[in-house]
Amino acid sequence: MRQLKIIIGRSKDNFGAYAENAEGIYGEGDTVEEAKNSILESIKFYQENKPANTPAILNGDFELIYKFDTQSFLNYYKGIFTNAALERITGINQKQLQHYATGLRNPRPLQVKKIETALHKLGAELMAVEL
């Protein structure tokens, strides 16, 4: 199935979102959830109105993939993942994670990969759980 990759990032005033691989699909909001909903409205507009510039990926089945910058991810999921929990699964100390969350520092690509890998591993473990 084709993937529509949505990039979500935080600006000074709000969250912005755009499709990395389909021109013309944009969204924004005060929260990540509002930016996601705005993207869905943009997609719905193209699907319902079918203007001449409709991205080809919208003609058929596709799945949405959300890609966050590190700061936006850490802030969006801070109610679920504490810095202590993230330190346990990533090995990155809490102070450093806080610097990433506030934008005081930007993680090196290796650190970003470390966070992503740990989250994917946790997700795979959770998918294997039965209650």
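Rules used throughout
Residues numbered from 1 in each chain as written. Predicted model: local features only at pLDDT ≥ 70, side-chain atom pairs only at ≥ 80, totals over all residues. Heavy atoms only, no water. Helix = DSSP H or I, 4+ residues; strand = E, 2+ residues; numbered from the N terminus. Buried < 20%, exposed > 50% of the residue type's maximum accessible area, 1.4 Å probe, protein only. Contact = heavy atoms within 4.5 Å. Areas by Shrake-Rupley, 256 points an atom, 1.4 Å probe, with all protein chains shown as cover. Lys, Arg positive; Asp, Glu negative; His and termini not counted. Charge placed at Lys NZ, Arg CZ, Asp CG, Glu CD.

Caption draft 1: Spatial organisation of the overall build of the chain. Counting its regular elements, the chain contains five helices and four strands. If you list the helices and strands of the chain from N to C, you get β-β-β-α-β-α-α-α-α. Judged by the C-alpha coordinates and their principal axes, the chain covers about 50 × 40 × 25 Å. Counting over 131 residues, the chain shows a buried share of 34%. The contacts of the chain with a sequence gap of at least 6 include a subset with a gap of at least 24, amounting to 44%. Looking at the chain as shown, the accessible area adds up to about 8,700 Å², and 51% of this sits on carbon and sulfur atoms. The centroid of the 16 positive side-chain charges in the chain is displaced by 9 Å from the centroid of its 16 negative side-chain charges.

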